[in-house]
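As a plain string of letters, each chain reads:
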Amino acid sequence: MRALTVSRECLGFRGNYFKLKIYVSDPDGDVYIKDIPCKLLCTLGAYDTKTCPISSDEVTVFAVFSKATRNYKYDVRTIAAGDEPVKLSGVSMCDYWMGMMFKFDGETSLQVKNDARRFLIGISVTAVGIAIVTMLLTFLAVTLVKALI
């Protein structure tokens, strides 16, 4: 066993109100993030630091704000096997397009960025589709009313 210390900073006013959940990969975990079984390690408030024990094997650490968005809006770090203590830190922020996000210090993985883009494209396509269907239904209703008059 070794210690994992996670620190959270906040950018902006809105980042202070939401709790950040830290998950670690665990074969006996009851939560799945990107098809990886995980367990909840700790919950961090604004400007919070916690130290928790993790296994000496290689583990994957996920930072997630919401259960509903955990499969596409997260940040992840893989910690190599070893016995030395590990420190991770990052910053939470509110993005007006994506909502609450957390980024570990350093580069965000390309997979996380691609998942977020895919989500935004999906929402955009859905909104455009709803707008087109609404316009078509309105056109049909107006045409039907004109035909009946």
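## Observations concerning the packing of aromatic side chains
Then, in step 1: Inspection of every chain in the model, using the stated rule, returns one aromatic pair.
Then, in step 2: Their ring planes at 70° and their centres at 5.7 Å tell us that Phe62 and Tyr74 sit as a pair that is edge-to-face. Here Tyr74 lies in strand E7 (residues 74-79) and Phe62 lies in strand E6 (residues 59-64), a separation of 12 residues in the sequence.
Then, in step 3: Taking relative accessible area as the criterion, Phe62 reaches 2% and is therefore assigned buried.

## Some points on the side chain of Asp75
Then, in step 1: With respect to the helices, strands and loops of the structure, Asp75 is situated in strand E7.
Then, in step 2: When its relative accessible area of 0% is taken as the criterion, Asp75 is described as buried.
Then, in step 3: Within the structure, the side chain of Asp75 is placed 2.7 Å from the backbone nitrogen of Phe104, a separation counted as a polar contact.

Analysis parameters
Residues numbered from 1 in each chain as written. Predicted model: local features only at pLDDT ≥ 70, side-chain atom pairs only at ≥ 80, totals over all residues. Heavy atoms only, no water. Phe/Tyr/Trp six-rings, centres within 6.5 Å; stacked < 30°, edge-to-face > 60°. Helix = DSSP H or I, 4+ residues; strand = E, 2+ residues; numbered from the N terminus. Buried < 20%, exposed > 50% of the residue type's maximum accessible area, 1.4 Å probe, protein only. Polar contact = N/O pair within 3.5 Å; in protein donor to acceptor, adjacent residues only side chain to side chain.

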